[in-house]
Amino acid sequence: MQLIRGIHNIQAEDHGCVLTIGNFDGVHLGHARVIKALIAKAKALNCKPAVMIFEPQPQELFSPETAPARLTRLRDKYFLLKKLGVERLICVNFHREFANKSASEFIELLLVKQLGIKHLIIGDDFRFGKNRLGNFSLLKQAGEKFDFAVSDTASFKLENCRISSTQIRNALEQNQLADVERMLGRAYSIIGRVFHGDKRGRKLGFPTANVLLKRRVSPISGVFVVKVNTIKDCFYGVANIGSRPTVSGIRQQLEVHIFNFNEDIYGQTIEVVMLNKLRNEIKFSSLDELTKQISQDSEQAKAFVQDL
Ligand SMILES: Cc1cc2nc3c(=O)[nH]c(=O)nc-3n(C[C@H](O)[C@H](O)[C@H](O)COP(=O)(O)O)c2cc1C
Ligand SMILES: Nc1ncnc2c1ncn2[C@@H]1O[C@H](COP(=O)(O)OP(=O)(O)OP(=O)(O)O)[C@@H](O)[C@H]1O
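What comes next concerns the included structure.

Conventions used here
Residues numbered from 1 in each chain as written. Chains lettered and ligands numbered in written order. Predicted model: local features only at pLDDT ≥ 70, side-chain atom pairs only at ≥ 80, totals over all residues. Heavy atoms only, no water. Near = heavy atom within 4 Å. Areas by Shrake-Rupley, 256 points an atom, 1.4 Å probe, with all protein chains shown as cover. Helix = DSSP H or I, 4+ residues; strand = E, 2+ residues; numbered from the N terminus. Nonpolar A, V, L, I, M, F, W, Y, C, P; charged D, E, K, R; others polar. Pairing = 2+ DSSP bridges. Axes fitted to C-alpha atoms, helices over the stretch in contact; angles between N-to-C directions. Core = buried A, V, L, I, M, F, W, Y, C linked by side-chain atoms within 4.5 Å. Buried < 20%, exposed > 50% of the residue type's maximum accessible area, 1.4 Å probe, protein only. Contact = heavy atoms within 4.5 Å. Disulfide = S-S within 2.5 Å.

1. Overview of the site of ligand 2
Stage number 1. Looking at ligand 2, there are 20 residues lining it, with His28, His31, Phe156, Ile163 and Thr166 nearest.
Stage number 2. Out of a free accessible area of 610 Å², ligand 2 has 86% covered by protein chains.
Stage number 3. Breaking the shell around ligand 2 down by element, the ones donating at least two residues are helix H1 (29–45) and helix H7 (165–173).
Stage number 4. Sorting elements by how many residues they give to the shell around ligand 2 places H1 first, with three residues.
Stage number 5. Split into classes, the residues belonging to the shell around ligand 2 amount to seven nonpolar, eleven polar and two charged.

Right, dumping it as structure tokens:
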């Protein structure tokens, strides 16, 4: 899949595509439905299926303090969209100047002049341009003028509830991992690089691989039974996502104690798949108490894995 980072990198040969636009955070089953329609249309018109996303996501620019925690980083979106068959990912650098473009500028300069779109597929709730004044009917009118078609996708629902990134974040917050899995079409996971921690875990008898949470916040926290996918293999383990109050940690991080594992994986990218939540993170009054609890967590996690 071709990745175009920044609209200044769109070339003349990128002209002509079938496009959809959105955040695509999580790349859930609703998104997959849109992408399926995108690919079918691109095949019919003999051009590339392309997705336009924004980085940072608009809310992260407009209200960084209250923007929700991401389900997927750009890197995750890239691989998930590629797997669905998207051939071009246009990642717009979403800064103030871009956000200030009027709806017609967005259509005429970007969609028509630079991208030469043949067909646009969007949800009918899609809003764009300065003050979010652009909408489906404006796009329809522009399509007639500039010769591109616009279609909307029917909402993909589960038990009468529209799947959305927000819905998935809410379910994660309530530890409804099974519902999350049904909406994502896969179990929820965090992918990241293993970095050097304080090396305290080893002394406690529970060495942990520390995974950097790039955007510093995770949509979930607590202690989980996990499956860990490394480049070579897959393992089970027990993980904590939190700020480690017992040792006065500040930043939220993900730490995994992998069972029967003794390899050096510093610097490697691993995927930590959440299988079951065991408990919330607690502030213990001593490291001894913390160690006892981690030992119990491990036993509980091993029992869970055995029943799989
Ligand atoms: C399964 C598991 C559960 C944990 N639970 C907690 C907890 O409830 N409270 C807490 O402060 N830290 C918790 N931790 C984090 C430990 O404080 C941390 O692993 C330890 O300080 C070693 O980390 P370091 O080597 O990065 O310093 C947990 C870690 C693991 C692996
Ligand atoms: N369940 C769904 N069924 C059909 N289309 C969807 C569904 N969810 C999202 N889409 C469409 O996919 C595109 C990208 O969606 P986007 O990521 O912006 O929204 P979302 O998943 O609803 O997230 P949020 O909860 O933040 O609104 C949009 O065109 C949107 O309308």
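Text resumes after the structure shown.
2. Regarding the sheet that holds strand S9 (residues 189–195)
Stage number 1. Read once around its circumference, the closed barrel built from six strands follows the order S9-S10-S13-S12-S11-S14, with strand pairing classed as antiparallel. Within the sheet, the average angular offset between the axes of one strand and its neighbour, ignoring direction, is 45°.
Stage number 2. One ladder, built from six bridges, connects strand S12 (residues 234–242) with strand S13 (residues 253–258); its direction is antiparallel. By the bridge assignment for S13, Ile241 is matched with Leu254.

3. Examining the nonpolar core
Stage number 1. Core analysis: the biggest nonpolar cluster contains 31 residues, and Leu19, Ile21, Met52, Ile90, Leu111, Leu115 and Leu139 have the highest contact counts within it.
Stage number 2. Among the secondary structure elements, those contributing two or more residues to this core are strand S2 (17–21), strand S3 (48–55), strand S4 (88–93), helix H4 (96–99), helix H5 (103–114), strand S5 (117–122) and helix H6 (136–146).
Stage number 3. Beyond its immediate chain neighbours, meaning those up to four positions away, Leu19 contacts Leu38, Ala50, Val51, Met52, Ile90, Leu111, Leu115, Ile117, His119, Leu120 and Ile121.
Stage number 4. Core analysis: the second largest hydrophobic core is formed by 30 residues, Tyr188, Ile190, Val211 and Ile220 among them.

4. Side note on the state of the cysteines
Stage number 1. Scanning the model with the defined rule gives zero disulfides in all.
Stage number 2. Cysteine Cys17 is unpaired, with the sulfur of Cys47 as its nearest cysteine sulfur at 6.8 Å.

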